[in-house]
Amino acid sequence: MRVRERTADLADANELLIAEIAERKRAEEKLRELSETDHLTKIYNRRKLLELLGTEVAKAKRYARPLTIVMLDIDISRRINDNYGHSIGDIVLKITTNIVGGIIRKVDIFCKIWRRRVYDPFP
């Protein structure tokens, strides 16, 4: 009888551990996603770009294939924020992200690199 009770107790404890492990895996995945994506546009951030870029450069070298990098500088976003407010600026960034995301291929890497200007020569 004691063996059966102990076996049942261990089975219950095992189920709890399995559930906790699954919850931790979900939390880890969410943290990874948050650390790799821009919260506004939901595309990769600078950190993820630098990680992926190393891999892509290595593949280009290994297979002697060209690597193309396209950068868009949406320089008007500061003026939009100043003139119309940050909520409108956010909408412009989301629309731009949706347009570019709809154009690029699935194999392309799409990232947002946000930079803070210390000095703007063209205010």
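That block above? That's the structure.
These remarks concern the structure in this document. Being a predicted model, the structure only gives us computed values, none of them experimental. (Residues numbered from 1 in each chain as written. Predicted model: local features only at pLDDT ≥ 70, side-chain atom pairs only at ≥ 80, totals over all residues. Heavy atoms only, no water.)

Helical geometry: 3.6 residues make up each α-helical turn, so side chains three or four residues apart lie on a common side. With 17 residues, helix α2 (residues 46-62) extends 24 Å between its outermost C-alpha atoms, agreeing within 8% with the 24 Å of an ideal straight helix rising 1.5 Å per residue. Restricting attention to buried positions, one finds in α2 the residues Lys48, Leu49, Leu52 and Ala60. Tucked inside the fold, the buried residues of α2 contact α1 (2-36). Directly beyond the C-terminal end of α2, a positive phi value near 50 degrees is found at Ala64. (Helix = DSSP H or I, 4+ residues; strand = E, 2+ residues; numbered from the N terminus. Expected span 1.5 Å × (residues − 1). Buried < 20%, exposed > 50% of the residue type's maximum accessible area, 1.4 Å probe, protein only. Contact = heavy atoms within 4.5 Å.)

Our next topic: the side chain of Thr97. Positionally, Thr97 belongs in helix α4 (residues 86-103). Judged by relative accessible area, which is 12%, Thr97 ranks as buried. Those residues in contact with Thr97 that lie beyond four places of it in its chain are Thr41, Ile43 and Phe110.

Looking now at the packing of aromatic side chains. Evaluated as defined, the whole model comprises zero aromatic pairs. Directly above the ring of Tyr44 sits Lys48, whose terminal nitrogen or CZ lies 5.6 Å from the centroid. (Phe/Tyr/Trp six-rings, centres within 6.5 Å; stacked < 30°, edge-to-face > 60°. Lys NZ or Arg CZ within 6 Å of the ring centre and 35° of its normal.)

To continue, consider a nonpolar patch on the surface. A surface patch of nonpolar side chains, about 630 Å² in accessible area, is lined by Tyr84, Ile88, Ile91, Ile95, Ile99 and Ile103. Looking at which element gives the most residues to the nonpolar patch, the answer is α4, with five residues. Relative to the elements of secondary structure, Ile91 occurs in helix α4. Ile91 sits in the partly exposed class, given a relative accessible area of 44%. (Patch = residues over 30% accessible without salt bridge, like charges linked within 9 Å, V, L, I, M, F, W, Y side chains within 5 Å. Areas by Shrake-Rupley, 256 points an atom, 1.4 Å probe, with all protein chains shown as cover. Salt bridge = Lys/Arg side-chain N within 4 Å of Asp/Glu carboxyl O.)

Contact geometry of helix α3 (residues 77-84) with α4 gives a least axis separation of 7 Å together with a crossing angle of 145 degrees. Taken as a pair, α3 and α4 cross one another with a handedness that is right-handed. Contacts between α3 and α4 involve Ile80, Asn81 and Tyr84 from the former and His86, Ile88, Gly89 and Val92 from the latter. Residue composition of the contact of α3 with α4, by class: four nonpolar, three polar and no charged. (Axes fitted to C-alpha atoms, helices over the stretch in contact; angles between N-to-C directions. Left-handed = near helix turned anticlockwise from the far one by under 90°. Nonpolar A, V, L, I, M, F, W, Y, C, P; charged D, E, K, R; others polar.)

Geometry only, nothing functional implied.
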